[in-house]
Amino acid sequence: MENSKITVVANALVKSEKRDLVKAELLKLVEKTRSDKGCISYNLYVDEENENLFTFIEHWENKELLQAHMDSKHMLDFQKAIDGAVADIVIKKMTQVA
């Protein structure tokens, strides 16, 4: 049986002058997202060598519930709040093979 669970690794490099704003918004997002249906884990990290690089490692029950999170009001509010504050973002969606 194929594993329907999905893992997301999202790296966001924020503009240094916007770091505090983005960090505060990220922490709000974590609190709200952890109660989303299908969220197995939703953890936020900061790089030890670059305080402006944040990484999410997320585990979801399936793609549909991940998409529901992406379309949620709190995710849309987050995107609006940090508009223009992120220099680069890379999002990888993965499924476990072993």
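This write-up is about the structure you can find in this document. (Residues numbered from 1 in each chain as written. Predicted model: local features only at pLDDT ≥ 70, side-chain atom pairs only at ≥ 80, totals over all residues. Heavy atoms only, no water.)

Structural notes on the nonpolar core
Counting residues in each nonpolar core, the largest one holds 18 residues, and the members touching the most others are V22, L26, L29, Y42, F56, W60 and F78. At the level of elements, β1 (6–14), α1 (19–33), β2 (39–46), β3 (53–60) and α3 (73–81) are the ones that each hand at least two residues to this core. Those residues in contact with L26 that sit more than four places away from it in its chain are L44, F54, F56 and F78. (Core = buried A, V, L, I, M, F, W, Y, C linked by side-chain atoms within 4.5 Å. Buried < 20%, exposed > 50% of the residue type's maximum accessible area, 1.4 Å probe, protein only. Helix = DSSP H or I, 4+ residues; strand = E, 2+ residues; numbered from the N terminus. Contact = heavy atoms within 4.5 Å.)

Some details on the sheet that holds β2
Taken in spatial order, the 4 strands line up as β2-β3-β1-β4 in an open sheet, and their pairing is antiparallel. Two strands in the sheet have a free side with no partner beyond their single neighbour: β2 and β4 (86–94). Pairs of neighbouring strands in the sheet enclose a mean axial angle of 10°, with direction left out of account. Direction of pairing for β1 relative to β4: antiparallel, over a ladder of 8 bridges. Note on β4: the bridge partner recorded for L13 is D88. Against the sheet, α1 touches β1, β2 and β3, its axis set at about 165° to β2. Strand contacts of helix α2 (residues 63–70): β1, β2, β3 and β4, with the helix running at about 135° to β3, the strand carrying the most contacts. (Pairing = 2+ DSSP bridges. Axes fitted to C-alpha atoms, helices over the stretch in contact; angles between N-to-C directions.)

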